[in-house]
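Summary of the model geometry
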There are 2 protein chains.
Amino acid sequence: MSDERKNKAIVDIYGQQFSVVGPESISHMRSVASIVDEKMREISDKNPSLDLNKLAVLTAINVVHDYLKLKEDYEALESLLEEKD
Amino acid sequence: MSDERKNKAIVDIYGQQFSVVGPESISHMRSVASIVDEKMREISDKNPSLDLNKLAVLTAINVVHDYLKLKEDYEALESLLEEKD
């Protein structure tokens with residue numbers, strides 16, 4: 001994140017408070033936090049015996065998986081657009 | 001993840017072993033794990049005092065942020081494609 005004008009938000013994720021700093025709007029930071037919180041709760045519902053640390057890592061794994069899928073879709077769309085040019 | 005043919009991989013993330021199960025290829029699972037591992041190490045280098053759990057949550061926050069940015073780019077590309085149709 002850049003060192004220009006920075007915003008700071010205190011967000012609550014899975015019962016823990018985090019201080020998030022960055023050039024993004026506070027509402028963006030809150031959306032990000034709420035997605036992470038929601039994903040942690042989803043994964044914890046399915047695996048109630050997970051400790052907090054494993055739960056957080058599995059959440060990161062899930063999000064990276066979603067990211068890579070979206071990246072593939074993005075690249076497919078890009079190729080489609082190039083064909084049209 | 002679907003319940004069809006499933007693969008299972010044991011991956012190493014930040015010194016901990018995780019068992020990952022899903023319909024994706026094992027090489028995809030390993031790529032995902034290695035991205036999470038790399039991000040955790042990047043964030044830990046910048047914030048050496050973070051405990052493991054906060055580090056993992058901050059990693060998830062970072063990835064969700066990247067995901068939302070890519071989603072915006074994807075939607076912009078989609079609109080561009082619609083204009084061309």
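Basis of the calculations
Residues numbered from 1 in each chain as written. Chains lettered and ligands numbered in written order. Predicted model: local features only at pLDDT ≥ 70, side-chain atom pairs only at ≥ 80, totals over all residues. Core = buried A, V, L, I, M, F, W, Y, C linked by C-beta atoms within 7 Å. Buried ≥ 20, exposed ≤ 12 C-beta atoms within 10 Å, placed from the backbone. Helix = DSSP H or I, 4+ residues; strand = E, 2+ residues; numbered from the N terminus. Least-squares fit on C-alpha atoms with pLDDT ≥ 70 in both. Contact = placed C-beta atoms within 7 Å. Nonpolar A, V, L, I, M, F, W, Y, C, P; charged D, E, K, R; others polar. Expected span 1.5 Å × (residues − 1). Arc of directions from axis to C-beta. pLDDT = per-residue confidence, 0-100.

1. A few points about the nonpolar core
Taken as a class, soluble globular proteins show a tendency for nonpolar side chains to be buried jointly. In terms of nonpolar packing, the biggest core is built from 37 residues, with A:Val36, A:Ala60, B:Val36 and B:Ala60 touching the most fellow members. For this core, the secondary structure elements donating two or more residues are β1 (7-13), α1 (26-46) and α2 (52-84) of chain A together with α1 (26-46) and α2 (52-84) of chain B.

2. Let's talk about the relation of the copies chain B and chain A
In screw terms, the move from chain B to chain A is a rotation of 180 degrees and a rise of 0.0 Å along the axis, fitting with an RMSD of 0.1 Å. Put plainly, the chains are arranged around a two-fold axis. In this assembly the copies share their binding face: 100% of the residues contributing to the interface of chain B also contribute to that of chain A.

3. Details of the interface of chain B and chain A
One frequently used descriptor of interface size is the decrease in accessible area upon assembly of the parts. At the junction of the two partners, chain B supplies 30 residues and chain A supplies 30 residues. Elements with a contribution of two residues or more to the side of chain B that touches chain A: β2 (16-22), α1 and α2 of chain B. Top contributing element to the side of chain B that touches chain A by residue count: α2(B), with 22 residues. In terms of residue class, the side of chain B that touches chain A is made up of 21 nonpolar, four polar and five charged.

4. Examining α1(A)
All names here are of chain A. Relative to the 30 Å expected for 21 residues at 1.5 Å per residue, α1 spans 31 Å between its end C-alpha atoms, a close match to the ideal helical length. For α1, the set of buried residues is Met 29, Val 32, Ala 33, Ile 35, Val 36, Lys 39 and Met 40. Looking straight down α1, one finds its buried side chains confined to an arc of 155 degrees; they lie on one side. Opposite its buried face, α1 presents the exposed residues Ser 27, Glu 42 and Asp 45, each directed more than 90 degrees away.

5. What to know about α2(B)
The end-to-end C-alpha distance of α2(B), which contains 33 residues, comes to 48 Å, matching closely the 48 Å that a straight helix rising 1.5 Å per residue would cover. Buried within α2(B) are the following residues: B:Leu55, B:Ala56, B:Val57, B:Leu58, B:Thr59, B:Ala60, B:Ile61, B:Asn62, B:Val63, B:Val64, B:His65 and B:Tyr67. Looking at the buried residues of α2(B), the elements they touch are β1, β2 (16-22), α1 and α2 of chain A together with α1 of chain B.

6. Looking at the confidence of the model for chain A
When the pLDDT values of chain A are averaged, the result is 91; 95% of them are 70 or greater. Note on the complex model: pTM 0.86, ipTM 0.86.

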